[in-house]
Structure formats: C-alpha cells, structure tokens
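One-letter residues, chain by chain:
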Amino acid sequence: MIEMLVILGAGFITGITTILFGFGGGFVVVPFVYHLVASSGEQSGQAMHVAVATSTAVMILNAGYATFTNWRSGNLLRETIVPLVYFIAIGAALGAFASSLLEDGVVRLLFVIYMLVTIADCLFRRGFLVKPPRAALSKVTLFVGGPLIGVIATMLGVGGSVLTVPLLRRHGYEMKHCVSAANPLSIPVAIIGALMYVALGWKEMTGPQYLGYVNLTILGLLVAAGIMGIAFAKKWLPKVNDRLHARIYVLLLIVVLVAISL
C-alpha cells in the first residue's frame, strides 16, 4: 500500500513537471523507477532498462495530454515544432536500439553525464538564463541536431525536453513556448521508444506485469496520477516570470541529477 502511494505521488509530480517544464515523465520517472526496481531485487541487472522503457511509455499519454491542454491555451507555436519533430523521430528508433546494446550501468552513467553537461551548458553558456533575440532554426540544427536529440532522448528515456527546451530558448523563445513545444516534440520519441523497448525486451523479462521492458503496473499508476497532476498544474499553479522559470528549470535538473546519482 505504501509503495502504491509513493508511485502515485511520483506520478502526480510528473504531471506537474510536464506542464511547468515540458518533462513528459523522463526526469522524474527514470530515477524513481530505477531505484524502485533495483531495491526490489527483481529483474537483476535490468533496472535501468525498465526505468527507461517505462518512462517512454508514460510520456505517450502525459505528453499527449499536455500538448492538448497547451494547444487550447494558445501556447503552442508551429515553428517550434515543425519540422524539428520529424528529424527527432528519425533518431528515436536508433536510440532505443542503441540502449538495448548497452549494459544497465552504462545507461545510468550516460544519464548522469548527460545531466551534468546540460546543467553546465544552461548555467555557464550565454543564452538560456537570459533570453536572446529570436532566430530561426538552422539547417544544421534540423538535420544534425534533430536526429541527435531523438537518439539521446530515446536511449536515456528523457523525452528530449532537456535538449529541446535549451535549444529553443537559445533561439529566443520564452520559456512558456519552449516548455509547451517540448511535449509534442517528445511524442514521437515516446511512441517509437516504447514500441522498441517492448520488442527488444519481449523475451528478456519475466512476470505478467511486464510488456517487454515496460512495467505495466507502475505505468498505469504513474499515468493516472500524472493526468491529475497536469490538471492541477493548469488550474491552480500561478504564472511564473520568464527568468524565474528558467532558473527553476535548472534547479530541477540539479535535483534529478542528485537523485539518479545517489
């Protein structure tokens, strides 16, 4: 019972971060599920793969619902989504396949390194904490950066928001537009990644609660609580100043880094 309440609490927080920061689930779900599965002793050596796979599945519904609510609120800008979303989708399948070839500990180490680089980039390189003038995405960003985002996002189960939000921010968009765009940009990563992890883990996992590497019990509880968290955030949380929004975003990344490291 206590474990179920903890999962529901994590799901609720995931819903809130989906709206506030564009995290469709990855940066809360991955550390949480990793520790939950690792401490249970089941599926030895596969905890990080289960965490990443379950995270991508959670993002399908969380990011989808958040995209719908942001569209109704008028926060979605077409130029922040199209055509970048197509190039991210290309890299998504490659990322899931690459993750299956890596040891559990390697995926966890890559997650930590990814977080460290992202935090340092936001703090020490100009263009994130203070919004620059708006500029269009270059062809190099689309053709190279898009697939790279898809690979990293699917491989680590993070949905791409910690790549797409800083990317759009550095091109002069307000945090509300960056965060809103992160959800639809995460959907192809979530769908392709989840399908790949189901297929890749089909014969690797045991137990009725597993569909490939995806833990269906944890998935159901996280999604149900996540939708409630999204609804709560949209209705009750106050608007945040753009600069403060960017600073809180980086602070949350640091909290997640500490969680997965410990």
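Basis of the calculations
Sequence order as written defines residue numbering, which begins from 1 separately in each chain. Residues qualify for local features only when their pLDDT is at least 70, as the model is predicted, and side-chain atom pairs are given and counted only at 80 or more; totals for whole chains, interfaces and linings, by contrast, use all residues. Each side-chain value is worked out from all heavy atoms of the structure, with water and hydrogens disregarded. Each Phe, Tyr or Trp ring (for Trp, its six-membered ring) is paired with any other whose centre lies within 6.5 Å, and the angle between the two planes then decides the class: stacked below 30 degrees, edge-to-face above 60, tilted in between. Going along the chain from the N terminus, every DSSP run of H or I of four or more residues is numbered as a helix, and every run of E of two or more is numbered as a strand. Each residue is placed in one exposure class: buried if its accessible area under a 1.4 Å probe, protein chains only, is under 20% of its type's maximum, exposed if it is over 50%, and partly exposed if it falls in between. Multiplying one less than the number of residues by 1.5 Å gives the expected span of a helix. UniProt positions are given in the numbering used here, feature names are shortened, and annotations may be inferred rather than shown by experiment. Each reported salt bridge corresponds to a side-chain nitrogen of Lys or Arg within 4 Å of a carboxyl oxygen of Asp or Glu. Only residues whose relative accessible area exceeds 30% and that take part in no salt bridge are eligible for patches, with like-charged residues grouped when within 9 Å of each other and nonpolar side chains (Val, Leu, Ile, Met, Phe, Trp, Tyr) grouped when within 5 Å. Only the protein chains shown count as covering a residue, and every accessible area follows the Shrake-Rupley method with a 1.4 Å probe. The contact definition used throughout considers only heavy atoms, calling two residues in contact when any of these lie within 4.5 Å. Axis lines are fitted to C-alpha atoms, over the contacting stretch for helices. Their N-to-C directions set the angle, which ranges from 0 to 180 degrees. Orientation is classified from the angle alone, with under 35 degrees giving roughly parallel, over 145 giving roughly antiparallel, 65 to 115 giving roughly perpendicular, and any other angle giving oblique. Charged means Asp, Glu, Lys or Arg here, nonpolar means Ala, Val, Leu, Ile, Met, Phe, Trp, Tyr, Cys or Pro, and polar covers whatever is left, Gly included.

Our next topic: the packing of aromatic side chains. With the rule as written, the count across this model stands at five aromatic pairs. Measuring from ring centre to ring centre gives 5.6 Å for Phe128 and Tyr249, while their planes differ by 45°; the resulting arrangement is tilted. Of this pair, Phe128 sits in the loop between α5 (104-124) and α6 (139-156) while Tyr249 sits in helix α10 (residues 242-261), and the two are 121 residues apart along the sequence. In this structure, Phe128 and Tyr249 share a single accessibility class: buried. Taken together, the aromatic side chains of Phe21, Phe128 and Tyr249 make up a single cluster linked through ring pairs.

With that settled, the discussion passes to helix α1 (residues 2-21). Helix length check: α1, at 20 residues, gives a terminal C-alpha distance of 28 Å against a target of 28 Å (1.5 Å per residue), a fit within 8%. Every buried residue of α1 is listed here: Ile7, Ala10, Gly11, Thr14, Gly15, Ile16, Thr17, Thr18, Ile19 and Phe21. Directly beyond the C-terminal end of α1, a positive phi value near 80° is found at Gly22.

So, about the UniProt feature "transmembrane region" (unreviewed entry) in the protein. Annotation from UniProt places "transmembrane region" (unreviewed entry) at residues 6-37, 80-102, 109-128, 148-168, 180-200, 212-232 and 244-261. Taken as a whole, residues 180-200 contains 100% helix and 0% strand, while its terminal C-alpha atoms sit 31 Å from one another. The annotated region residues 244-261 carries 100% helix and 0% strand content, and the separation between its end C-alpha atoms amounts to 26 Å.

The full count for this structure, using the stated rule, is four salt bridges. Across the salt bridge formed by Asp121 and Arg170, the nearest N and O atoms sit 2.8 Å from each other. Here Arg170 lies in the loop between α7 (161-169) and α8 (175-200) and Asp121 lies in helix α5, a separation of 49 residues in the sequence. Salt bridges sharing common partners tie together Asp121, Arg125 and Arg170.

This brings us to a nonpolar patch on the surface. Together, Leu123, Phe124, Leu251, Ile254, Val255 and Val258 make up an exposed nonpolar region whose accessible area comes to about 570 Å². Every element with two or more residues in the nonpolar patch is listed here: α5 and α10. When residues of the nonpolar patch are assigned to their parent elements, the largest contribution, four residues, is made by α10. Structurally, Leu123 can be placed in helix α5. According to the relative accessible area criterion, Leu123 is partly exposed, its value standing at 39%.

Now for the environment of Ile230. When you line up the elements, Ile230 lands in helix α9 (residues 216-236). Distance in space between the C-alpha atoms of Ile230 and Phe12 is 7.7 Å, their sequence separation being 218 residues. Apart from the residues within four sequence positions on either side, Ile230 is in contact with Gly15, Ile16, Thr18, Ile19, Asn62, Tyr65, Ala66 and Thr69.

Within the element layout of this structure, Glu204 appears in the loop between α8 and β1 (210-211). Between the C-alpha atoms of Glu204 and Asn183, which are 21 residues apart in sequence, the distance is 30 Å. Apart from the residues lying within four places of it in its own chain, the contact partners of Glu204 are Gln46 and Tyr213.

A few words now on the packing of helix α3 (residues 47-73) against α5. In the contact formed by α3 and α5, the axes pass within 7 Å of each other and the chain directions differ by 55°. Compared by their axis directions, α3 and α5 come out oblique. Here Ala47, Met48, His49 and Val52 of α3 lie close against α5, whose contacting residues are Asp104, Val107, Arg108 and Phe111. Residues that form the contact of α3 with α5 fall into these classes: five nonpolar, one polar and two charged.

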